[in-house]
Amino acid sequence: MEYFIMAMQLLLSLSILVTLHELGHFWTARKFGMRVEKFYLFFDAWFSIYKVKKGETEYGIGWLPLGGYVKIAGMIDESMDKEAMAKPPQPWEFRSKPAWQRLIVMLGGVTVNILLGFFIFAMLLWTYGEKFLPSKNVEYGIYCSELAKEMGFKDGDQILSIGDEKFEKFNPGILISKMLFDEVYNVKLLRNDKEITIIVPDSSIIKIPGKSEEPLMIPRVPFVVGGFSTNSSAKEAGLQIGDSLIACNGVSSAFFSDFKKIVSEHKNEDVIIDFYRNEELKSLTIRTSEKGLIGVAPYGPDRYFEFDRDKFGFLASFPAGFSKGYNFLATQIKAFGQMFTGRIKASESLGGFISIGKLFPPEWDWEHFWKMTAILSLILGFMNLLPIPALDGGHVMFLMFEIVARRPVSEKVLEYAQVVGIVLLLSLLLYANGMDIYRLFF
């Protein structure tokens, strides 16, 4: 059921974004007197799920959820309608209009996606504000992944600043962005009540994209039982929600991170767990699994830390939403550039529908849904603007050439470029989704 909910959120989000993207092309084309023959959500190769004709346009829903399209008369696109292009140009066709009008039409979808991303961010800030955890409230410090330890962090560290910027809001994403894209390596920490500065090696930083499945660091929390897994040996032995675990086999392990590490060393063994229940010290013998687990989960950070929210009025939300969207886009552009330079491996950064679907939570959360929709809208706008034939950016590239050179690119060149672009995009699609499948098993 969890995967179904995640898939439904992804499908709804993409449906909204694709429809509005294509509406950007549709509306501008109609404004300039171009005939739009088809408007489709998803591709209708061989057949469509639904279609209806109104006026000169066929509206429909295809069965292949890889995007959508509008078919504008007289335009060389993925339909490769050579028969129509062989006829004399008509006044209502794309090819008969001035280059500046065609350029606006091709930028219509990207413009809608980028403006939509900014708008959704603004509305989220106005409606919900922005929830954050003040770093000063992370009183137990951080729990580090193995990569974070390789970078020089230790469990219990409290982050004070990165570079010259104070780390006032606990957000490892900011830390990662500063190190990975801005190449800021010095981090000031509070460790054992002493302020120290570590210099994070770049050789560790460039491994971050390949470890995206595991958080780099999270707030360290005491181990208070918040839930049990199915067939939990701890629950069967008598452990209860609210019990505070403090030791395993006599080794102190009051924090979840410490406890997990100690228990994992005992696979298929009986371990003695010491814990407090209603301020009374108790002990239980519990059998671990083959993986060194007892089937217990701690309470989340919300129980231990006081979160805060920045509030925004209606008018104030727009510049704040723009800033949030702009910063996200800037980060994506930097990441894309580093893939080309080889600093970030494309094989570790690219993902298909499975990777995108995992960005949505297993339960329906409208705040998170709209946040992810804003992010995907900006990504869709940016990716479509890349100068690749078959994408909007490819058409924009040829139109810019026409405006500068004052002569159009030949239809034959456009046809060949379209074929190359389609093959390139399909290859990229297969590669990204193939990497998703590979990551599931290896």
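On a predicted model such as this, the values are computed, not experimentally measured, just so you know. (Residues numbered from 1 in each chain as written. Predicted model: local features only at pLDDT ≥ 70, side-chain atom pairs only at ≥ 80, totals over all residues. Heavy atoms only, no water.)

### Here we look at the side chain of Lys97
For Lys97, the position within the fold is in the loop between α2 (82-85) and α3 (99-127). At 10 Å, Glu93 is the nearest oppositely charged side chain to Lys97, a buried residue that forms no salt bridge. A distance of 3.2 Å separates a polar side-chain atom of Lys97 from the backbone oxygen of Phe32. Non-local contacts of Lys97, meaning those with residues more than four positions away in its chain, are made with Phe32, Gly33, Met34, Pro91, Trp92 and Arg102. (Helix = DSSP H or I, 4+ residues; strand = E, 2+ residues; numbered from the N terminus. Buried < 20%, exposed > 50% of the residue type's maximum accessible area, 1.4 Å probe, protein only. Lys, Arg positive; Asp, Glu negative; His and termini not counted. Salt bridge = Lys/Arg side-chain N within 4 Å of Asp/Glu carboxyl O. Polar contact = N/O pair within 3.5 Å; in protein donor to acceptor, adjacent residues only side chain to side chain. Contact = heavy atoms within 4.5 Å.)

### Quick word on empty space enclosed by the protein
Within the structure shown, the criterion is met by 3 cavities of 30 Å³ or more. The volume enclosed by the largest cavity comes to roughly 50 Å³. Lining of the largest cavity is provided by Ser135, Val138, Gly141, Ile142, Asp157, Gln158, Ile159, Phe167 and Phe170. Of the residues assigned to the lining of the largest cavity, the class counts are 5 nonpolar, 3 polar and 1 charged. (1 Å grid on protein atoms, 1.4 Å probe; cavity = no way out; pocket = protein on both sides within 12 Å on 5 of 7 lines; lining within 4 Å. Points joined across faces, edges and corners; volume = space filled by probe spheres on them. Nonpolar A, V, L, I, M, F, W, Y, C, P; charged D, E, K, R; others polar.)

### So, the sheet that holds strand β11 (residues 244-248)
Strand order in the open sheet formed by 4 strands is β12-β11-β13-β14, with antiparallel pairing between adjacent strands. If you trace the sheet from one side to the other, it starts and ends with β12 (251-252) and β14 (280-287), each paired once. Direction of pairing for strand β13 (residues 270-277) relative to β14: antiparallel, over a ladder of 8 bridges. When the sheet's bridge partners are listed, Ile273 is paired in β14 with Leu284. Across the sheet, helix α8 (residues 256-264) lies against β11, β12 and β13, angled at about 40 degrees from β11, the strand it touches most. (Pairing = 2+ DSSP bridges. Axes fitted to C-alpha atoms, helices over the stretch in contact; angles between N-to-C directions.)

Structural measurements only, silent on function.
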